[in-house]
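# An overview of the molecular structure
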Amino acid sequence: MSVFTLHLQSATQYARIEGVESFVARDASGAFGLLAGAERMMTVLGYGLARFRGAGGAWHYLALPGGLAYFVDGEL
């Protein structure tokens with residue numbers, strides 16, 4: 001399966017996560033998921049949980065106070 005890079009950034013921290021297979025979150029239209037190879041997209045994330053799955057198959061959860069998701073050229 002193809003993978004992409006996830007960049008997580010706050011006002012005080014930054015993390016780069018390689019080898020992400022899937023990302024699932026919620027925006028104003030409801031829940032959505034991203035896979036590697038998706039078209040360019042941008043959305044405002046809602047308050048709540050998001051999750052991503054690495055190449056190992058385990059899900060990792062993120063508590064989000066909101067944010068911006070921008071996916072382009074294999075990077076989110």
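Everything discussed here concerns the structure shown above.
Described below are features of the structure shown in this document. Computed from a prediction, not measured in an experiment: that's the story for all the values here.

## Side note on the overall build of the chain
When you go through the chain residue by residue, the secondary structure sums to zero helices and seven strands. Along the longest, intermediate and shortest principal axes, the C-alpha atoms of the chain span 30 × 25 × 20 Å. Taken over 76 residues, the chain has a buried fraction of 33%. Put simply, 42% of the contacts in the chain that link residues at least 6 apart link residues at least 24 apart. Total accessible area on the chain stands at roughly 4900 Å², and carbon and sulfur atoms take up 54% of it.

## Let's talk about the pairing of strand E2 (residues 14-27)
Summarising the sheet, strand E1 (residues 4-9) and E2 pair through five bridges and their orientation is antiparallel. Bridge pairing in E2 links Leu8 to Ala15. Connecting E1 to the antiparallel partner E2 that follows it, the hairpin turn spans four residues. As paired elements, E2 and strand E5 (residues 48-54) share four bridges and run antiparallel to each other. Note on E5: the bridge partner recorded for Phe23 is Phe52. As defined by bridge partners, E2 adjoins strand E3 (residues 30-35) across six bridges and the pair is classed as antiparallel. In the sheet register, Val24 faces E3, and the bridge partner there is Gly33. In this structure, the hairpin formed by E2 and E3 is closed by a connection of two residues.

## Some remarks on a nonpolar patch on the surface
A contiguous nonpolar patch, built from Met42, Val44, Leu68 and Tyr70 and spanning about 420 Å² of accessible area, is present on the exposed surface. Elements supplying a minimum of two residues to the nonpolar patch: strand E4 (41-45) and strand E7 (67-71). Along the polypeptide, Leu68 turns up in strand E7.

## Some words on the nonpolar core
Judged by nonpolar contacts, the single largest core of 15 residues is most densely connected at Phe23 and Leu76. Every element with two or more residues in this core is listed here: E1, E2, E3, E5, strand E6 (59-64) and E7. Ignoring sequence-local partners within four residues, the contact set of Leu76 consists of Phe4, Thr5, Leu6, His7, Phe23, Leu34, Ala69, Tyr70 and Phe71.

## So, the packing of aromatic side chains
Taken as a whole and assessed by the stated rule, the structure comprises one aromatic pair. Judged by centre distance (5.3 Å) and plane angle (90°), the ring pair of Phe4 and Phe71 falls under edge-to-face. Of the two residues, Phe4 is situated in strand E1 and Phe71 in strand E7; the sequence distance between them amounts to 67 residues. The exposure classification of Phe4 matches that of Phe71, with both residues buried. Over the aromatic face of Trp59 sits the side chain of Arg51, whose NZ or CZ is 4.6 Å from the ring centroid.

Definitions and cut-offs
- By convention here, each chain's residues receive numbers from 1 onward along its written sequence.
- The model is predicted, so local features are restricted to residues of pLDDT at least 70 and side-chain atom pairs to those at 80 or more, both for listing and for counting; the totals for chains, interfaces and linings are taken over all residues.
- Note that the side-chain values use all heavy atoms of the structure and ignore hydrogens as well as water.
- Helix numbering and strand numbering both begin at the N terminus, where a helix is a DSSP run of H or I of at least 4 residues and a strand a DSSP run of E of at least 2.
- Categorising residues by exposure relies on relative accessible area from a 1.4 Å probe, with only protein chains included: less than 20% of the type maximum marks a residue as buried, more than 50% marks it as exposed, and the intermediate range marks it as partly exposed.
- In this analysis, two residues are considered to be in contact whenever any of their non-hydrogen atoms come within 4.5 Å of each other.
- Computed by Shrake-Rupley with a 1.4 Å probe, the accessible areas treat only the displayed protein chains as cover when residues are assessed.
- Two strands qualify as a pair provided that DSSP identifies no fewer than 2 bridges between them.
- Grouping into patches uses exposed residues only, defined as over 30% relative accessible area, and leaves out salt-bridged ones; the cut-off is 9 Å for like charges and 5 Å for nonpolar side chains (Val, Leu, Ile, Met, Phe, Trp, Tyr).
- Whenever a carboxyl oxygen of Asp or Glu lies within 4 Å of a side-chain nitrogen of Lys or Arg, that contact is scored as a salt bridge.
- Buried Ala, Val, Leu, Ile, Met, Phe, Trp, Tyr and Cys residues that are joined via side-chain atoms within 4.5 Å together make up what is termed a nonpolar core.
- Working definition: a ring pair exists when centres of Phe, Tyr or Trp rings (six-membered ring for Trp) sit within 6.5 Å. Plane angles under 30 degrees give stacked, over 60 give edge-to-face, the rest tilted.
- When the NZ atom of lysine or the CZ atom of arginine is within 6 Å of a ring's centre and also within 35 degrees of its normal, the charge is said to sit over that ring.

Bear in mind that shape data such as this cannot, by itself, settle questions of function.
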